[in-house]
Amino acid sequence: MKNKNFVSLSWGLLLVGFTAIIQAEEYADGPLLIPKNDFSYDEFIQIGTLASPSEICDVLSHPIFSQPSDNYDQLDSINSDFRWDGIQASNLWVAKMFEKAGAEQRSRLYLEQNTQQRADYNLAMCLYRLEVEGKQPGTYQTLQTRFLHYLQDNCHIQQFETKTDVDDEGNLIEEQIPLPRPACIDFGYNSGRYSDWNSTTFSLMLVWKEAHKVLPKIFDKGIAVIEARVAQRNAQIAKEQREQAERRENAAAQQAERDQLWNQYRSREKTLLERVYNFAYSGNPSGSEYSRWIEIEPCVLSNGSKRIDNRKINMTAFRIYPELDFNNDTVIISTDRSTIRFSAPGDVPIDRLQDAWNLAFKECPGRTSEF
């Protein structure tokens, strides 16, 4: 039950006894007061009512605060603050309520001191229930990383340090000293700017009871954007997965075809020219799975990328000689310097290679020239 006399408690006691007070169902109620204008330090205007911790928690139970982390990446943002169609209703509504209450437009937002303390306490109490009591774990981190970037760790938990002393009898005494608690509301993070959606606008509306009729509508539109883009993302992922599966299937089919062709080639008798070209190209007359020559028609050979008619080789200009390649390794070159250039490993005997080419030109003579 709410304790209407609660607000009369010392605020120092309230913050020091934070954990104990949270165990009770009490909260700081009262009006939401703001200065009338930038130059008013003692004249305040009520623009609404402070939201209770339960009311704040109701807002934070919206599905937009329980999304998988990467879903938020689907939303557009400026300086880490979200932007989606309809989110501008937040600052427009705040400005409208200020005007209706008679508060002048201001350069930055701040609340009456006690109002902000009460609002901060109610937000902290809600966060305590969600996180520490386990009603909605993960909400604090979501708020900290996606909505209220100023949140410091443990603004919703009172921390203590242990002070050790001694009494007059020499007995050690340990005392728990409460540490200052970081605020859960910090309008200064955005310099008090409330002219667009940011942590200042959101935290104000979060502790403003009357704003709770507006926030769910804004978040519903954000969820609609998330769901649409997540569906689009998932469809794209599914498409890419199908394409990857198709590529794997095609690659497997192509490899199976290559294996079949290689097995056929390996098991059959090679023609003379096939053995010569394989020997001149790789040093192995039988060829290999990735380097072999096929006589596709008499005297015409192909390795899949090149096609050579042995009868068009200039036998007069044909030479076989060793040279260094770009790795400074010795290779054996077979070339007429215009039609072909084969590069065999350096350990291929030149005399054997010459005999092979003599047989090739004997079976399929090339052309000759005067010099």
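Overview of the structure. No experiment lies behind these values; they were computed from the predicted model shown. (Residues numbered from 1 in each chain as written. Predicted model: local features only at pLDDT ≥ 70, side-chain atom pairs only at ≥ 80, totals over all residues. Heavy atoms only, no water.)

## Thoughts on the state of the cysteines
Stated formally: When the sulfur atoms of two cysteines come within 2.5 Å, that pair is taken as a disulfide. Helix and strand assignments follow DSSP, with helices taken as H or I runs no shorter than four residues and strands as E runs no shorter than two, numbered in order from the N terminus. Summary of the burial criterion: residues with accessible area below 20% of their type's maximum are buried, those above 50% are exposed, and those between are partly exposed, where the area comes from a 1.4 Å probe applied to protein chains only.
For the coordinates displayed, the defined rule picks out 3 disulfides. Each sulfur in the disulfide pair Cys-57 and Cys-126 lies 2.3 Å from the other. Given an S-S torsion of about 130°, the disulfide between Cys-57 and Cys-126 has right-handed geometry. Of this pair, Cys-57 sits in helix 3 (residues 53-60) while Cys-126 sits in helix 5 (residues 113-131), and the two are 69 residues apart along the sequence. For Cys-57, a relative accessible area of 12% corresponds to the buried category. Between the sulfur atoms of Cys-155 and its disulfide partner Cys-184 the distance amounts to 2.0 Å.

## Examining the side chain of Asn-278
Rules: The contact criterion used throughout is that any non-hydrogen atoms of two residues lie within 4.5 Å.
Note that Asn-278 resides in helix 9 (residues 272-282). Assessed through its relative accessible area of 0%, Asn-278 is described here as buried. Those residues in contact with Asn-278 that sit more than four places away from it in its chain are Tyr-265, Gly-283, Asn-284, Pro-285, Ser-286, Gly-287, Ser-291, Arg-292 and Trp-293.

## Overview of the sheet that holds strand 9 (residues 307-309)
Stated precisely, the cut-off is as follows: For two strands to pair, DSSP has to find at least two bridges joining them. For every element, the axis is a line fit to its C-alpha atoms; helices are fit only across the contacting stretch, and the angle between N-to-C directions ranges from 0 to 180 degrees.
Across the sheet, which stays open at both edges, the 3 strands sit in the order 7-8-9 with antiparallel pairing between neighbours. Bordering the open sheet on either side are strand 7 (294-297) and strand 9, each of which pairs with just one other strand. Ignoring strand direction, the axes of neighbouring strands in this sheet form an average angle of 35°. Of the strand pairs in this sheet, strand 7 and strand 8 (residues 300-302) are connected by 3 bridges, and their pairing is antiparallel. Its bridge partner being in strand 8, Glu-297 is matched across the sheet by Val-300.

## Concerning the sheet that holds strand 10 (residues 319-324)
Pairing between the strands of a sheet is mediated by backbone hydrogen bonds and can be parallel or antiparallel. What the 3 strands build is an open sheet, ordered 10-11-12; its pairing is antiparallel. At either margin of the open sheet sits one strand with a lone partner, and together these are strand 10 and strand 12 (341-345). Within the sheet, the average angular offset between the axes of one strand and its neighbour, ignoring direction, is 30°. Alignment of strand 10 against strand 11 (residues 330-335), held across 6 bridges, turns out to be antiparallel. Directly across from Pro-322, in strand 11, lies its bridge partner Ile-332. The sheet strands contacting helix 9 are strand 11 and strand 12, and the helix crosses strand 12 at an angle near 70°.

## Comments concerning the packing of aromatic side chains
Applied cut-off: The aromatic pairing rule takes the rings of Phe, Tyr and Trp, using the six-membered ring of Trp, and pairs them if the centres are within 6.5 Å, calling planes under 30 degrees apart stacked, those over 60 edge-to-face and the rest tilted. Here, a charge over a ring means that NZ of Lys or CZ of Arg falls within 6 Å of the ring centre while also lying within 35 degrees of the ring normal.
This structure, assessed with the given rule, holds 26 aromatic pairs. For the pair Phe-82 and Trp-84, a centre-to-centre distance of 6.1 Å together with 35° between the ring planes defines the contact as tilted. Phe-82 gets classed as buried once you look at its relative accessible area, which sits at 4%. Grouped by ring-pair contacts, the aromatic residues Phe-65, Tyr-72, Phe-82, Trp-84, Phe-147, Trp-197, Phe-202 and Phe-219 constitute a single cluster. We note Lys-270 situated over the ring of Tyr-265; from NZ or CZ to the ring centre the distance is 5.0 Å. Above the plane of the ring of Tyr-265 lies Arg-292, whose end atom (NZ or CZ) is 5.6 Å from the centre.

## Examining the packing of helix 5 against helix 6 (residues 139-147)
The condition that has to hold: Small angles under 35 degrees read as roughly parallel and large ones over 145 as roughly antiparallel, with 65 to 115 read as roughly perpendicular and the rest as oblique. Amino acids outside the nonpolar list (Ala, Val, Leu, Ile, Met, Phe, Trp, Tyr, Cys, Pro) and the charged list (Asp, Glu, Lys, Arg) are all regarded as polar, and Gly is one of them.
It is the contact of helix 5 with helix 6, at a shortest axis distance of 8 Å, that shows an interaxial angle of 125°. Between helix 5 and helix 6, the angle falls in the class oblique. Residues Leu-127, Leu-130 and Glu-131 of helix 5 pack against Thr-139, Tyr-140 and Leu-143 of helix 6. Residue composition of the contact of helix 5 with helix 6, grouped by class: 4 nonpolar, 1 polar and 1 charged.

## Let's talk about unusual backbone geometry
Even without glycine at this site, Ser-80 takes up a positive phi of about 75°. For Ser-80, the location among the structural elements is in the loop between strand 3 (76-78) and strand 4 (81-83). Positioned with a positive phi, Asn-328 is a non-glycine residue whose angle comes to about 65°. As for its placement among the helices and strands, Asn-328 is situated in the loop between strand 10 and strand 11.

## Description of the pattern of salt bridges
The condition is simple: Any Lys or Arg side-chain nitrogen found within 4 Å of a carboxyl oxygen on Asp or Glu counts as a salt bridge.
Scanning the model with the defined rule gives 13 salt bridges in all. A salt bridge links Arg-233 to Asp-70; the nearest nitrogen and oxygen atoms lie 3.6 Å apart. In this pair, Arg-233 sits in helix 8 (residues 215-267) while Asp-70 sits in the loop between helix 3 and strand 3, placing the two residues 163 residues apart along the sequence. Ionic pairing is found between Asp-120 and Arg-181, a salt bridge with its closest N-O pair at 3.1 Å.

## Some remarks on the side chain of Asp-81
Note the threshold: By the counting rule applied here, Lys and Arg register as positive and Asp and Glu as negative, while His and the ends of each chain are not counted.
With respect to the helices, strands and loops of the structure, Asp-81 is situated in strand 4. Within the buried core, Asp-81 has no salt-bridge partner, and the shortest N-O distance to an opposite charge, that of Arg-193, equals 4.3 Å. Look past the residues within four positions of Asp-81 in its chain and what remains in contact with it is Asp-76, His-149, Asn-190, Arg-193, Trp-197, Asn-198 and Ser-199.

## Regarding the pairing of strand 5 (residues 160-166)
With 7 bridges joining them, strand 5 and strand 6 (residues 172-178) adopt antiparallel strand pairing. Residue pairing across strands places Asp-165 opposite Ile-173, the latter belonging to strand 6. Linking two consecutive strands that pair antiparallel, namely strand 5 and strand 6, is a turn of 5 residues; a positive phi of about 90° is found at Gly-170 within it.

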